[in-house]
Amino acid sequence: VQRDQQDRFQAIEERLAAIADKRFGNRRSQKKVTDTVQSALKVEPTPAVHSISQQLGEQMVVLKTLGNGHCLEAAISWLRFQTPGMAKVLVEVLLELYQDPAFADLVQLGLATCQAQGGDLQHVTLEGFLAGLKEGKIWSDHPELRMLSLALKATVVVWQMDDELGIATPTC
């Protein structure tokens, strides 16, 4: 089972690389990529970014993404493909993996996390949850981040800002 999962994730990696190369590889010169990144960097770093930068001893930056419900996937797309343009493809991968019974626990955790937000989401069904993720009406959260980190073989650390102490700390 583990080997099958690794093979599946490898196939996803290859498919994503092929899509990114087709969409952005040949048409984008290095100057265009540089211009896109520079325009996205016109955001002032927050106290959390400064805190994380100091703790890691690395220069951290803030990149703008569209607030369209797929901002988590856009951030991952920035990191993996140097463009936010692969966000919807990452959502498709997420939803594809959520159909696999091997990940039923993450699907249920995602649904429970969504319902815990209360309001209109309190009674959302599994079908409504998945449709909301696809449409960007329901934002991805920790379970979706976990799923994408598995699929992309990436370690993800989420930081939380403690305003009283003035420092960010890793939460997972």
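Residues numbered from 1 in each chain as written. Predicted model: local features only at pLDDT ≥ 70, side-chain atom pairs only at ≥ 80, totals over all residues. Heavy atoms only, no water.

**Student:** What is the right way to read the packing of aromatic side chains from this model?
**Tutor:** Ring pairs (aromatic) are described by centroid distance and by the angle formed between their planes. Applying the stated criterion across every chain, the model contains 2 aromatic pairs. Ring plane angle 25° and centroid distance 6.1 Å describe the contact between Phe 9 and Phe 103, whose orientation is recorded as stacked. Taken together, the residues Phe 9 in helix α1 (residues 2-25) and Phe 103 in the loop between α5 (87-98) and α6 (104-115) connect sequence positions 94 residues apart. Of the two residues, Phe 9 and Phe 103, neither departs from the other in class, the shared state being buried. (Phe/Tyr/Trp six-rings, centres within 6.5 Å; stacked < 30°, edge-to-face > 60°. Helix = DSSP H or I, 4+ residues; strand = E, 2+ residues; numbered from the N terminus. Buried < 20%, exposed > 50% of the residue type's maximum accessible area, 1.4 Å probe, protein only.)

**Student:** It is not clear to me how the environment of Glu 92 should be interpreted in this structure. Could you clarify?
**Tutor:** Its place among the elements puts Glu 92 in helix α5. Separated by 41 residues in sequence, Glu 92 and Leu 133 place their C-alpha atoms 9.5 Å apart.

**Student:** Explain the confidence of the model for the protein to me, please; I cannot follow it from the model alone.
**Tutor:** Regions with low pLDDT should not have their predicted coordinates read in detail. Of all residues in the protein, 90% have pLDDT values of 70 or greater, and the mean over the chain is 86. Within the protein, no element has a lower average pLDDT than helix α2 (residues 30-40), which sits at 66, and none a higher one than helix α7 (residues 126-135), at 96. (pLDDT = per-residue confidence, 0-100.)

**Student:** Please clarify how the pattern of salt bridges should be interpreted in this entry.
**Tutor:** Pairs may arise between side chains of opposite charge once their charged atoms sit close together. In this structure the tally under the stated criterion is 5 salt bridges. Because the salt bridges share partners, they merge into one network encompassing Arg 8, Arg 15, Glu 96 and Asp 100. (Salt bridge = Lys/Arg side-chain N within 4 Å of Asp/Glu carboxyl O.)

**Student:** Would you explain α6 in this entry?
**Tutor:** Each α-helix winds once per 3.6 residues, and so residues spaced three or four apart point in a common direction. Relative to the 16 Å expected for 12 residues at 1.5 Å per residue, α6 spans 16 Å between its end C-alpha atoms, a close match to the ideal helical length. Taken together, the buried positions of α6 are Leu 106, Val 107, Gly 110, Leu 111 and Cys 114. Viewed end-on, α6 has its buried residues packed into an arc of 140°, placing them on one side of the element. Along its buried surface, α6 packs onto α5, α7 and α8 (142-151). (Expected span 1.5 Å × (residues − 1). Arc of directions from axis to C-beta. Contact = heavy atoms within 4.5 Å.)

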